[in-house]
Amino acid sequence: MTGPTEQDGFETISPGDAFTLLGNETRIDIIRVLGETSDESLSFSALRGRVNVADSGQFNYHLNKLAGSFVRRTDEAEYELTYAGAQVIGAIFAGTFNQRGLTRSFDLDSTCTTCGSVLLVEYEREHVTISCPTCNDQRSTFAFPPGAFENRPRDELVDAFDTWLRLYLTAVVEEFCLTCAGRMRGSIIDDSQYLDDQEVGIEHICERCTNRSVNSVGVYLLYHPAVVAFHYDHGIDLTETPLWELSWLHEQETTVVSRDPWQVQFSSEINGDHLEVMVNEDLSISIL
Ligand SMILES: [Zn+2]
Ligand SMILES: [Zn+2]
């Protein structure tokens, strides 16, 4: 195993070495205890007591393996998680690495804006799909951490879907990859293949991990101040309304004005008032 190396001021170990360090239950217990404690840090004896390893030498060996990468020794000679350690405990609690096969299916307390049927939630392969069983269309499909189902009653779970989806879409529109913290690049694409009934969509691809997200033009405009204000003036708070209740996010509300360069016009109509927005080739937005 190679030791830590200095690179551009960062101390790095290879990903393989980092994951090898985690391949031991005692080390995972150390990280878990440090993640669960309400104290900022724990002394050696307090940590050892909570991890419950009788052999002090064994415990010391495993703690030293983690020191410098997932655990750090404070100036007061106590132990706390590093950012990497906190990410590991977060992934464990979210069930990212260790929970599989959870499936759920239930009615949403929300109706289809087209036909009035009750919308259906299905959870499978760590993805949530919200759809209308009558129109047979998918409103939203997104990856969702299985650990979020723990200790959440159904209504809170639905709020959690909406919060998670907003966080994800906000990051995508701002070109930030939540998977790897890399930069995403967006472009307008011909999109009948990915979004039902939509002639065009907005595709974002991460430059680093190639994570890909394709969304409607409506989703891209969801947080634009002019769109938020237009809805607010007509009694609709876009920051509170669940995304699957916004029919214009999923229906064809766009007109392709030009394909080279791309110019796509988005139209919104509420009570006879209109908002017209143009999305340009470089994804800049103009209000018409
Ligand atoms: Zn429907
Ligand atoms: Zn990425």
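The structure reproduced in this document is the subject of the present report. (Residues numbered from 1 in each chain as written. Chains lettered and ligands numbered in written order. Predicted model: local features only at pLDDT ≥ 70, side-chain atom pairs only at ≥ 80, totals over all residues. Heavy atoms only, no water.)

## Some thoughts on the coordination of the zinc ion (ligand 1)
Geometrically, a metal with four donors at the corners of a regular tetrahedron has ideal angles of 109.5 degrees, and one with six donors at the corners of a regular octahedron has ideal angles of 90 or 180 degrees. In plain terms, the rule: Coordination partners: N, O, S within 2.8 Å of the metal, 3.2 Å for Na, K and Ca; water not considered, so apparent gaps in a site are possible. In short, tetrahedral needs four donors with all angles between 85 and 135 degrees, square planar needs four and octahedral six donors with opposite donors over 155 degrees apart and all other angles between 65 and 115, and whatever is left is irregular. In this description a helix means any DSSP run of H or I spanning at least four residues, a strand means any run of E spanning at least two, and both kinds are numbered starting from the N terminus. Throughout, exposure labels follow a simple rule: accessible area from a 1.4 Å probe, protein chains only, divided by the maximum for the residue type, with under 20% read as buried, over 50% as exposed, and the rest as partly exposed.
Here the zinc ion (ligand 1) is held by Cys-112 (SG), Cys-115 (SG), Cys-132 (SG) and Cys-135 (SG), and the distances to it run 2.2 to 2.4 Å. Given four donor atoms and angles of 101 to 115 degrees at the metal, the environment of the zinc ion (ligand 1) is assigned as tetrahedral. Coordination of the zinc ion (ligand 1) draws on donor residues from a single chain, spaced C-x2-C-x16-C-x2-C in sequence. On the criterion of sequence distance, the pair formed by Cys-112 in the loop between β5 (104-111) and β6 (118-124) and Cys-132 in strand β7 (residues 127-132) is long-range, its members being 20 residues apart. Take Cys-112 and Cys-132: they sit in the same class, and that class is buried.

## Regarding the coordination of the zinc ion (ligand 2)
Around the zinc ion (ligand 2), the protein supplies Cys-177 (SG), Cys-180 (SG), Cys-206 (SG) and Cys-209 (SG) as donor atoms, at distances of 2.2 to 2.4 Å. Of note is the zinc ion (ligand 2), whose four donor atoms meet at the metal with angles of 99 to 114 degrees in an arrangement that counts as tetrahedral. Along the chain, the residues donating to the zinc ion (ligand 2) fall in the pattern C-x2-C-x25-C-x2-C. Judged by its relative accessible area of 2%, Cys-206 is buried. Cys-209 sits in the partly exposed class, given a relative accessible area of 30%.

## A few points about the sheet that holds strand β10 (residues 200-206)
Through backbone hydrogen bonds, the strands of a sheet pair up, either in parallel or in antiparallel fashion. Just so we agree on the cut-off: Strands are treated as partners if at least two bridges between them are detected by DSSP. Every axis in this analysis is a line fitted to C-alpha atoms, fitted for helices over the stretch in contact. Angles between the N-to-C directions lie between 0 and 180 degrees. Note on contacts: a residue pair is in contact if any heavy atoms of the two residues lie within 4.5 Å.
With antiparallel pairing, the three strands of this open sheet are ordered in space as β9-β10-β11. Strand pairing shows two members of the sheet lacking a second neighbour, β9 (184-190) and β11 (212-215), which therefore form its edges. Sheet twist, expressed as the mean angle between neighbouring strand axes with direction ignored, is 20 degrees. In this sheet, β10 lies alongside β9 in antiparallel orientation, the contact comprising seven bridges. Its bridge partner lying in β10, Arg-185 is registered against Ile-205. Packing of helix α6 (residues 154-173) onto the sheet brings it into contact with β9, β10 and β11, and relative to β11 it is tilted by some 100 degrees.

## Section: the nonpolar core
For clarity, the threshold we go by: Grouping buried Ala, Val, Leu, Ile, Met, Phe, Trp, Tyr and Cys residues that are joined through side-chain atoms within 4.5 Å yields what is termed a nonpolar core.
One finds Phe-144 and Phe-161 to be the most contacted residues of the largest nonpolar core, which totals 43 residues. Ranked by the residues each element gives to this core, the list is headed by α6, at six residues. If near-sequence neighbours (up to four positions away) are discounted, Phe-144 is found in contact with Tyr-123, Glu-126, His-127, Val-128, Phe-149, Leu-157, Ala-160, Phe-161 and Trp-164. By size, the runner-up hydrophobic cluster in this structure holds 22 residues, among which are Leu-21, Ile-31, Leu-34 and Leu-47.

## Here's the deal with unusual backbone geometry
Looking along the chain, the bond that leaves Asp-260 and enters Pro-261 is cis, with omega of 0 degrees. Position of Pro-261 among the secondary structure elements: in the loop between β12 (254-259) and β13 (262-270). Non-glycine residue Leu-283 carries a positive phi angle of around 70 degrees. Judged by its relative accessible area of 7%, Leu-283 falls in the buried class.

## Overview of the packing of helix α2 (residues 25-36) against helix α4 (residues 56-66)
Any two packed helices are characterised by the angle at which their axes cross and by the distance between the axes. Put simply, the rule is: Roughly parallel means an angle under 35 degrees; roughly antiparallel means over 145; roughly perpendicular covers 65 to 115; every other angle is labelled oblique. Rotating anticlockwise by less than a right angle from the far helix to the near helix defines a left-handed crossing, while the corresponding clockwise rotation defines a right-handed one. Ten residues, namely Ala, Val, Leu, Ile, Met, Phe, Trp, Tyr, Cys and Pro, are considered nonpolar, four, namely Asp, Glu, Lys and Arg, are considered charged, and the remaining ones, Gly among them, are considered polar.
The contact between α2 and α4 brings their axes to 9 Å, and the two run at 70 degrees. When the axis of α2 is compared with that of α4, the two are roughly perpendicular. Of the two elements, α2 crosses α4, and the hand of that crossing is right-handed. Contacts between α2 and α4 pair Thr-26, Arg-27, Ile-30 and Ile-31 from the former with Phe-59, Tyr-61, His-62, Leu-63, Lys-65 and Leu-66 from the latter. For the contact of α2 with α4, the per-class residue count stands at six nonpolar, two polar and two charged.

## Here's the deal with helix α8 (residues 225-233)
Going by this rule: Directions are taken from the helix axis to each C-beta atom, and the arc is the one they span.
Restricting attention to buried positions, one finds in α8 the residues Val-227, Phe-230 and His-231. Buried residues along α8 cover an arc of 95 degrees about the axis, so they all sit on one side. Every exposed residue of α8 that faces more than 90 degrees away from the buried side is listed here: Pro-225, Tyr-232 and Asp-233. Looking one or two residues beyond α8, the residue adopting positive phi is Gly-235, at roughly 80 degrees.

## A short note on helix α5 (residues 83-93)
What α5 keeps buried is the set Gly-85, Val-88, Ile-89, Ala-91 and Ile-92. Axial view of α5: buried residues confined to an arc of 160 degrees, hence all on one face. Residues of α5 that are buried in the fold lie against α2 and β4 (79-81). Taken from the residues just after α5, Gly-95 is the one with a positive phi, measuring 75 degrees.

## Focus on the side chain of Ser-41
Basically, it comes down to this: Two N or O atoms form a polar contact when they lie within 3.5 Å of each other; inside protein one atom must be a possible hydrogen donor and the other a possible acceptor, and for residues adjacent in sequence the pair counts only when both atoms belong to side chains.
Summarising the element assignment, Ser-41 is placed in the loop between α2 and α3 (44-51). A distance of 2.8 Å separates the side chain of Ser-41 from the side chain of Glu-78, its partner in a polar contact.

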